[in-house]
Amino acid sequence: CGCHQAEAFGRDAAATLYPGGAAGLMRLHSTFRLDFRCYTSDEGRVQQTAAHWIRTFLNLDTSTGDITPILFNYINIDTKMLDEMPHAVEATIERARARIGELVDSDPTAQDELRRIKLHLTAICDHFCALYK
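Residues numbered from 1 in each chain as written. Predicted model: local features only at pLDDT ≥ 70, side-chain atom pairs only at ≥ 80, totals over all residues. Heavy atoms only, no water.

**Overview of the nonpolar core**
One finds Phe 36, Trp 53, Ile 54, Phe 57, Leu 58 and Tyr 74 to be the most contacted residues of the largest nonpolar core, which totals 17 residues. No other element matches helix H4 (residues 44-57), which puts 5 residues into this core. Apart from the residues within four sequence positions on either side, Phe 36 is in contact with Trp 53, Ile 54, Phe 57, Leu 58 and Tyr 74. (Core = buried A, V, L, I, M, F, W, Y, C linked by side-chain atoms within 4.5 Å. Buried < 20%, exposed > 50% of the residue type's maximum accessible area, 1.4 Å probe, protein only. Helix = DSSP H or I, 4+ residues; strand = E, 2+ residues; numbered from the N terminus. Contact = heavy atoms within 4.5 Å.)

**Structural notes on the packing of aromatic side chains**
A ring pair, where both rings are aromatic, is described by two values, the distance of the centres and the angle of the planes. With the rule as written, the count across this model stands at 3 aromatic pairs. Look at Phe 36 and Phe 57: their rings are 5.8 Å apart centre to centre, the planes differ by 35 degrees, and that puts the pair in the tilted class. Highlighted residues: Phe 36 in the loop between helix H3 (31-35) and strand S1 (38-40) and Phe 57 in helix H4, separated in sequence by 21 residues. The burial state of Phe 36 is the same as that of Phe 57; both residues are buried. Ring-pair connections join several aromatic residues into one group, and the members of that group are Phe 36, Trp 53 and Phe 57. (Phe/Tyr/Trp six-rings, centres within 6.5 Å; stacked < 30°, edge-to-face > 60°.)

**What to know about the pattern of salt bridges**
Enumeration according to the criterion identifies 2 salt bridges in this entry. With a closest N to O distance of 2.9 Å, Glu 7 and Arg 55 form a salt bridge. Of the two residues, Glu 7 is situated in helix H1 (residues 3-17) and Arg 55 in helix H4; the sequence distance between them amounts to 48 residues. Residues Glu 7 and Arg 55 agree in their burial class; the two are buried. Put simply, Glu 43 and Arg 45 hold a salt bridge, and the shortest N to O gap is 2.4 Å. Arg 45 gets classed as exposed once you look at its relative accessible area, which sits at 55%. (Salt bridge = Lys/Arg side-chain N within 4 Å of Asp/Glu carboxyl O.)

**Some details on H4**
Working note: α-helix, 3.6 residues per turn, so residues spaced by three or four point in the same direction. Under the 1.5 Å per step criterion, the end-to-end length of H4 is 20 Å for 14 residues, consistent within 8% with the ideal 20 Å. Along H4, the residues classified as buried are Gln 47, Ala 50, Ala 51, His 52, Trp 53, Ile 54, Arg 55, Thr 56 and Phe 57. (Expected span 1.5 Å × (residues − 1).)

Written out as structure tokens, the structure is:
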């Protein structure tokens, strides 16, 4: 399901968005954790990947390894999420998907290229945000 990669991405995202570790912005606003939601499709591996990302992004307890509480508390399932994708972003998503596939097949340690892909995915997210404002 890409659990290790999702956890690494969650740590990177938290460190980038909220620098300062435990003293960072998220620790100052405990309600952030209560209000945080992640929307996924109804596919199980997508939900698992999201749960692993959330675990490290929110710095949740990882001692048990159980993601069930995360799935229950933080993830909302939208069965039509991918069906309503605007045509304007399909090409960008397909390019990102193809490049990720190439990297996974060729060199799983290609960190620089994965960072560039993160930028592309951020652009996709920004596009969706602009569409729904």
